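Results of the structural survey
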Amino acid sequence: MAKGKIRAKLRRSSLYTLANIRSKPSYKKEEAAGDLSGYPRVIPVNQPPVGEEAPIFCSNYVSTTKYTFFNFLPIALFEQFNRVANFYFLVAAGLTFTDYAPFDWPSQVVPLALVVGFSLAKEMFEDLQRYWQDKAANRRSTAVHVGNGVFQTKQWNEVCVGDIVKVKKEEFFPADLLLLQSSYEDGMSYVETMNLDGETNLKVKRALQNLNLPVVTEEGASHFEGFRPMIRCENPNPNLYTFMGNLEYDGRIYPLDPAQLLLRESKLKNTEFIFGAVVFTGNDTKVMQNTTQSPSKRSKIELQMDKIIYLLFGLLILISIVSAAGFGLAVRNSVPIWWYLRPDVAGEDFDVNDFVVSAFRHLVTALMLYGYLVPISLYVSIEAVKIIQASFINSDIQLYDEVTGTPAKARTSNLNEQLGQVDTILSDKTGTLTCNQMDFLKCSIGGCPYGKRLSEVELAAAKQMQAELNKTEGSNPDSGTLEAITISDSGVIDKKDSIKGFSFQDDRLQHGNWLKEPNSEVILLFFRILAVCHSAIPEVNEKTGELTYEAESPDEGAFLVAAREFGFHFIKRTQNSVVVRERLSINQEPVEREYEILTLLDFTSKRKRMSVIIRDESGQLLMFCKGADTIIFDRLADNGKIYLEATTKNLNDYGDAGLRTLALAYKTLDEKEYTEWHEKFHRAQISSGNDREDMLEDLSDAIERGLTLVGATAVEDKLQKGVPQCIDRLALAGLKIWVLTGDKMETAINIGFSCSLLRQGMKQICIVVSAEMLAQDAKDVIKDNILSQITSAFEMVKGKKDPHAPFALIIDGKTLTYALEDDLKFHFLNLAISCASVICCRVSPMQKALVVRLVKEATGRTTLGIGDGANDVGMIKEADIGIGISGVEGMQAVMASDFAIAQFRFLERLLIVHGHWCYKRISKMICYFFYKNITLALTLFYFEAEAGFSGQMHYDDWYMLLYNVFLTSCPVLALGVLEKDVNAEMCLQFPALYQQGPKNLFFDWYRIIGWLTNGVYASLVIYIVNMRIFSPESFRKEGETADMYVIGTAMFTSIIWVVNVQIFLISHYLTRIQLFTIWGSIVVWYLIVYIYGMLPVSWSAGNIYQQLPEVLGPAQKFYLSTILVTLLCNMPYLVHISYQRCYNPEDHHVLQEMKNMKKDVTDRKMWRREQSKARQETEIGLSARVDAKMRHIRGRMTRRYSTLAPRSP
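Residues numbered from 1 in each chain as written. Predicted model: local features only at pLDDT ≥ 70, side-chain atom pairs only at ≥ 80, totals over all residues. Heavy atoms only, no water.

**Topic: the overall build of the protein chain**
As a reminder of what qualifies: Strands are runs of DSSP state E lasting at least 2 residues, helices are runs of H or I lasting at least 4, and numbering of each runs from the N terminus. Whether two residues are in contact is decided by their heavy atoms, any of which lying within 4.5 Å being enough. Here the accessible surface of atoms and residues is derived via Shrake-Rupley with a 1.4 Å probe, and residues count as covered only by protein chains that are part of the display.
Helix and strand counts for the protein chain come out as 40 helices and 36 strands. A fraction of 74% describes how many contacts in the protein chain between residues 6 or more apart in sequence connect residues 24 or more apart. For the protein chain, the accessible area works out to roughly 52400 Å², and carbon and sulfur atoms hold 56% of it.

The following block contains the structure:
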């Protein structure tokens, strides 16, 4: 901005009360020498480190990667071999270099290297993505003082502790800074801390007043050349809201507090530039102190899969011991009479003189031989399937945000199936649920309600009533159409263009028609309160020329937009006045009126109100006040309650409609009264005693008495598109939703109402400890108080009598600090999980992570953390699944997340559709994998038992190698990628189907044991039937008998048919790809046998030569055995699934048959009935809110009809 424009701006800050609060006094250094020892961190500012005694601080480089260049291989290899199967094959690969191995070393080493190498490459690729994102963040630039008042552009990672940096408007702070000076003369600056605490309202920061630094312009700051202060402060810590220290300069000591601290990742707003001294860098900054290390996450299915592998290892050891014992007995009893084995000569395989040693040596061989029980390709197959599943998520057009052009991104594919098992969602609020926009929708002025347009809750209730009463036929207009249509007083349907922040529609107030109302004087006062009672700052957009407002809260912005639309346009603010351009009628030219601001009493969470004392152009003193209705009503004068009853009724209606409300009032002051009060207030402002805040609060309370009620506002908190519907669908799917926010309790509660986590009739349990108790009482007393509140609340929840009166738990961050300690946290958790909704407000990033950890570890259920700012990183990393929203708060959450989406509403499809599919696919895939490997491996054991446990296989080595790698891999990959029990539309229409995942119905031990038993049965049938068909009699016309390799090839053919037909039967969604892979695998098997038999004998086993065309092909028994075995092995599954579908169907069975029979078209009544059944009972969400509204309407109608009913004489 040009120099002239800078000087044209305000030279002092706009918040009058803050500018008049005296800063903490400085004092001489010798007077505070004893106090300095309490601050261990000593920072020489603007002084390059000299000598060995110079303090050493961490760099400003930050990293969110999981690995480094040096620890990648050790950690990644440890994680890979932490998997039981991989560790087993590592040991087995090592044993292949010994004399005990039944295979050559490539047969074990090469597959293991491929599996582990594939996993390592995947891990490296994913972590490199994080590295490049970190690199981009660390290379952002900022201006650093290099001497002589000159500032040089440096990268963020080059910033050091003690540097003086210059940050311009709309830039982020590169480190934690101590504010030294700003473009305002009084050192004020405005900061947006959305990345830290989630709040969108601007924070006011104040530089040290008594430093007496000269006024600077954007072009120069030469006075920093000799500026050499010393900062002594606290050590790095994660507390965002505290900071203690002193600044020593020119022989004096200046106390420091949080008002001077600018935190990394905050953004400078409405201030042209600031100068700050770096106090914390890199991992020492408060935002990084609130992060946790990236954990190595594994899904619960994968963890349970390890248990199955342990079970298979137990089976492997058991049959290996049996095999070793059988071999030892054979060596002792049978080998001495087998003269052709030369038992008199001790060999490597056996020693008749020491059969025990022979048995132990054979045990090692058996452990390797039966290793096919444990599928080495399982992990790599799952990895490949998950990568393809992740690509489907990334390319899903329904997860693509057209506004920002952002698709969904699966940043790690390890947790795809975990998306289908989520039990509790822990969500940030600002930027995650909300889009930071309020809409002025209704108002009550002088007891008269205004505003025709319906809120989202009212629209939903109206549509539900219309559907139930069946008053109309045909399709209903969607909510987007209904929202934009209102009915004017004349009865004409009117469609209004959307104005950001203003959705009000009522001709009685608009277009100057309010002057015709009987209470026009009250309406005029109402509009002036909206336009004057605020702390916002007008700002001209240099590109568009439009006037926008920098407000401390989105409510204020909506009020100012509403005032503008009503003809009261706030256009200018100076240090002690505001200017409003008023248009009293549509035909009148606007008139600029200046209101002198005498005192502004800020809104705080404790006061719950804001007041401004003004002098209008006529010289009259007025106090305008707005705040929570209960607070305002308690301060009304006896003659100021004229509209109290009517306004209260309107406020209740607005609350039922899910709107945020504030009451507006005023008071006329005389000069003497104000002068006396202001003298007392000013003395309290400049006092430095411990009771200063209490004095100011008492004086504020005194002047804010005797008010006259004017009216009330009702604004709709604009959530992100589709948030209420998404929360409703997730609630109907049985998921629990907690909100963890750094915002104020009042704001969090209002958001809870807006997104239907809270509703009218829901009893709110607020666990809060007063500020007085926190300041005065001992820790044990505070904890006893909290425990008492929790205990009484828990008893109340357990003893509730009304099933339609759910409870909501609300707790603030200070109280949560104590509630999360070891002796209280389980009491808190028991209460929380008993409530329908849980809202934690004013929580720090570390507390978010601790709450997630408590829920995750104590309940054992799958948790999902979702957020969009740096303050959510700890929560995202701690949760079983971390979702980052790529919103307006930067990319920190996305960089730390497992999955990234652009809008909260996409979570519905990500979980209910993709999560459900991935869970079912992976579960079925793993069970089938174990089934087919058991089927193969146990036939080896049966043959060993019949062959004297000699260690000889009846299958060719190439068959064994190709079984998992090629012959059965493609069908199982297609199953894991393409399988669907129901389509996406039905998943969303029947959300309760999602509960199959959290209940783990498809990967519980009942189903796992069933599949393992099926594998054992199939192996027995395959072995017994083939052995009885092919031996001992001849199987060809020429009278030839089958040798070991003929039986082995026939048996292997049966296995290929059995496992492929089995996967065909369990597939619900058969595409061309799946059919091609299933039947193609069988065809490929015959081609392999044919081609392998055509190779020269030197390249293959001699007995395989021409085996298919000359030996097995002409034999009818070969085809008979294949058909008979396939039917016998798959018949039990066919009987089981037929009985289940007829007499005990699962949810998806019913939906499949309904869809196949087109019940959604032919029998809509049945379809809707089944849809209503497919809803988990929930006490939150839009459906629960509409149900409550319906019960209220029915009850009211019942009472009305009962009063109208004729009474018997």
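On we go from here.
**Topic: the sheet that holds strand E14 (residues 273–280)**
Heads up, the rule is: Pairing between strands is defined by DSSP: at least two bridges between the two strands are required.
Strand order in the open sheet formed by 6 strands is E4-E3-E5-E14-E6-E12, and the pairing between neighbours is antiparallel. Lying at the two open borders of the sheet, with one neighbouring strand each, are strand E4 (150–155) and strand E12 (261–262). By the bridge criterion, 2 bridges tie strand E6 (residues 176–182) to E12 in an arrangement that is antiparallel. Looking at the pairing, Leu178 lines up with Leu261 of E12.

**What to know about the pattern of salt bridges**
In a structure, side chains of opposite charge can pair up when their charged atoms sit close to one another. To keep it simple, the criterion reads: By salt bridge we mean one thing: a side-chain nitrogen of Lys or Arg within 4 Å of a carboxyl oxygen of Asp or Glu. Between buried and exposed lies partly exposed: a residue is buried under 20% and exposed over 50% of the maximum accessible area for its type, with that area taken using a 1.4 Å probe on protein chains only.
Within this structure, the stated rule accounts for 48 salt bridges. Here Glu697 and Arg609 are joined by a salt bridge, their closest N and O atoms 3.4 Å apart. With Glu697 in helix H18 (residues 692–703) and Arg609 in strand E26 (residues 609–615), this pair connects stretches of sequence that are 88 residues apart. The class for Glu697 is partly exposed, based on a relative accessible area of 23%.

**A short note on the packing of aromatic side chains**
Heads up, the rule is: Between 30 and 60 degrees the pair is tilted, below 30 it is stacked and above 60 it is edge-to-face, where a pair is any two Phe, Tyr or Trp rings, Trp via its six-membered ring, whose centres lie within 6.5 Å. Charge over a ring is defined by NZ of Lys or CZ of Arg lying within 6 Å of the ring centre and within 35 degrees of the ring normal.
Counted under the stated rule, the structure contains 41 aromatic pairs. Aromatic pair Tyr955 and Phe1052: ring centres 5.2 Å apart, planes at 75°, arrangement edge-to-face. Of the two residues, Tyr955 sits in the loop between helix H28 (906–946) and helix H29 (957–967) while Phe1052 sits in helix H33 (residues 1044–1066), which places them 97 residues apart along the sequence. Cluster of aromatic residues (ring-pair linked, three or more members): Phe440, Phe502, Phe504, Trp514, Phe526, Phe527, Phe559, Phe566 and Phe568. Over the ring of Trp156 we find Arg140, and its NZ or CZ is 4.1 Å from the ring centre.

**Overview of the side chain of Arg607**
Here is the rule we go by: Think of a polar contact as two N or O atoms within 3.5 Å of one another; within protein, one of them needs to be a possible hydrogen donor and the other a possible acceptor, and neighboring residues in sequence only count if both atoms come from side chains.
Relative to the helices and strands, Arg607 is located in the loop between strand E25 (591–601) and E26. A distance of 2.8 Å separates a polar atom in the side chain of Arg607 from the backbone oxygen of Asp602. Here Arg607 is in contact with Leu601, Asp602, Ile631, Glu697, Ser700 and Glu704, once residues within four sequence places are set aside.

**Quick word on the environment of Ile1008**
Within the element layout of this structure, Ile1008 appears in helix H32 (residues 1005–1030). Exposure remark for Ile1008: the relative accessible area of 2% places this residue in the buried category. Remark: the alpha-carbon pair of Ile1008 and Tyr928, spanning 80 residues in sequence, is separated by 9.5 Å.

**Some words on the nonpolar core**
Quick reminder of the rule: Only buried Ala, Val, Leu, Ile, Met, Phe, Trp, Tyr and Cys residues count toward a nonpolar core, and they belong to the same one when joined by side-chain atoms within 4.5 Å.
The biggest cluster of nonpolar side chains holds 105 residues, and the ones touching the most others in it are Phe930 and Phe1052. With 17 residues, H28 is the largest single contributor of residues to this core. When near neighbours in sequence (up to four residues on either side) are disregarded, Phe930 contacts Met305, Ile308, Ile309, Leu312, Pro375, Leu378 and Leu1012. Counting 58 residues, the second-largest nonpolar core is a separate cluster that includes Leu433, Val723, Leu988 and Phe990.

**Describing the pairing of strand E3 (residues 141–147)**
Bridge analysis of E3 against E4 gives 6 bridges, and the strand direction is antiparallel. The partner of Ser141 across the bridge, within E4, is Gln155. Where E3 folds back onto E4 in an antiparallel hairpin, the turn is made up of 2 residues, including Asn148, whose phi is positive at roughly 60°. In this structure, E3 lies alongside strand E5 (residues 164–168), joined through 2 bridges in antiparallel fashion. Note that in E5 the partner of Val144 across the bridge is Val165.

**A word on the pairing of strand E11 (residues 252–256)**
Of all 5 residues making up E11, 4 are buried, and the element is well covered by its neighbours. Bridge analysis of strand E10 (residues 245–249) against E11 gives 5 bridges, and the strand direction is antiparallel. Across the sheet, the residue bridging to Leu247 is Tyr254, located in E11. With antiparallel pairing between neighbouring strands as the criterion, E10 and E11 make up a hairpin whose turn holds 2 residues, including Asp250 at a positive phi of roughly 55°.

**Focus: the environment of Arg453**
The topology assignment puts Arg453 in the loop between strand E18 (448–450) and helix H11 (456–469). Counting along the chain gives 11 residues from Arg453 to Lys442, while the straight-line C-alpha distance between them is 7.8 Å.

**Some words on helix H13 (residues 520–532)**
Residues three or four positions apart in an α-helix share a direction because the helix packs 3.6 residues into each turn. For clarity, the threshold we go by: Working rule for helices: expected span equals 1.5 Å times residues minus one.
The first and last C-alpha atoms of H13 sit 18 Å apart over 13 residues, in line with the 18 Å expected at 1.5 Å per residue. Among the 13 residues of H13, 11 are classified as buried, and the element is accordingly described as predominantly covered. Where H13 is concerned, the buried positions are Ser520, Val522, Ile523, Leu525, Phe526, Phe527, Arg528, Ile529, Leu530, Ala531 and Val532.

**What to know about the side chain of Gln181**
By the element assignment, Gln181 lies in strand E6. A polar atom in the side chain of Gln181 sits 2.9 Å from the side chain of His223. The contact partners of Gln181, leaving out residues within four places of it in the chain, are Ala207, Leu213, Pro214, Val215, Val216, His223, Phe224, Ile274 and Phe275.

**Considering the sheet that holds strand E16 (residues 422–427)**
What counts, and what does not: Axis definition: a line fitted to C-alpha atoms, over the contacting stretch in the case of helices. Angles run 0 to 180 degrees between N-to-C directions.
Across the sheet, which stays open at both edges, the 9 strands sit in the order E15-E36-E35-E34-E16-E30-E33-E32-E31 with mixed pairing between neighbours. At either end of the open sheet lies a strand with only one pairing partner, and these are strand E15 (409–410) and strand E31 (763–767). Direction of pairing for E16 relative to strand E34 (residues 862–867): parallel, over a ladder of 5 bridges. Residue pairing in the sheet places Val422 in a bridge with Thr862 of E34. Helix H22 (residues 779–798) contacts E31 and strand E32 (807–812) of the sheet and is inclined by roughly 160° relative to E31. Its contacts with the sheet put H28 on E16, E34, strand E35 (881–885) and strand E36 (899–901), and the angle it makes with E36 is roughly 140°.

**Description of the confidence of the model for the protein chain**
Rules: Each residue carries a pLDDT score, the predictor's confidence in it, ranging from 0 to 100.
Mean pLDDT over the protein chain stands at 81; residues scoring 70 or higher make up 82%. Per-element confidence in the protein chain is highest for E18, whose mean pLDDT is 94, and lowest for helix H1 (residues 3–8), whose mean pLDDT is 35. Within the model, pLDDT remains below 50 along residues 1–37, and this stretch shows 86 contacts once partners closer than five positions in the same chain are excluded. Across residues 470–496, confidence stays below pLDDT 50; counting only partners more than four residues off in sequence or on other chains, it has 39 contacts.

**Description of the packing of H13 against helix H14 (residues 554–565)**
How we decide: When describing relative orientation, an angle under 35 degrees is termed roughly parallel and one over 145 degrees roughly antiparallel, while 65 to 115 degrees is termed roughly perpendicular and anything else oblique. For any pair of crossing helices, the crossing counts as left-handed if the nearer helix is rotated counterclockwise from the farther one by less than a right angle, and right-handed if it is rotated clockwise. Only Asp, Glu, Lys and Arg are considered charged in this grouping, and only Ala, Val, Leu, Ile, Met, Phe, Trp, Tyr, Cys and Pro are considered nonpolar; every other residue, Gly among them, is considered polar.
At a closest axis distance of 8 Å, the pairing of H13 and H14 adopts a crossing angle of 135°. The angle between the axes of H13 and H14 places the two elements in the oblique class. As for the relative orientation of H13 and H14, their crossing is left-handed in sense. Across from Phe527, Leu530 and Ala531 in H13, the residues of H14 making contact are Phe559, Leu560 and Ala563. The residue makeup of the contact of H13 with H14, split by class, is 6 nonpolar, no polar and no charged.

**A look at the packing of helix H4 (residues 84–95) against helix H8 (residues 300–333)**
Running from N to C, H4 and H8 point in directions that differ by 40°, and their axes come no closer than 9 Å. Contact residues: Val84, Ala85 and Tyr88 in H4; Ile309, Tyr310, Phe313 and Leu316 in H8. Class assignment of the residues belonging to the contact of H4 with H8 gives a composition of 7 nonpolar, no polar and no charged.

**Overview of unusual backbone geometry**
Residue Asp250 is not a glycine yet carries a positive backbone phi of 55°. By secondary structure assignment, the location of Asp250 is in the loop between E10 and E11. Positive phi values are uncommon outside glycine, yet Arg842 reaches one of about 55°. In this structure, Arg842 sits in the loop between strand E33 (837–841) and helix H25 (845–859).

**Examining the environment of Pro55**
Considering the arrangement of structural elements, one finds Pro55 in the loop between strand E2 (41–44) and helix H3 (72–81). Along the primary structure Pro55 and Val161 are separated by 106 residues, whereas in three dimensions their C-alpha atoms are 9.6 Å apart. Once residues within four sequence positions are removed from consideration, Pro55 is found in contact with Val42 and Pro44.

**Here we look at H25**
Between its first and last C-alpha atoms H25 spans 21 Å; for 15 residues at 1.5 Å apiece the expected length is 21 Å, and the two agree. All of the buried residues along H25 are Pro845, Gln847, Lys848, Ala849, Val851, Val852, Leu854 and Val855. Just beyond H25, the residue with positive phi is Gly860, at close to 75°.

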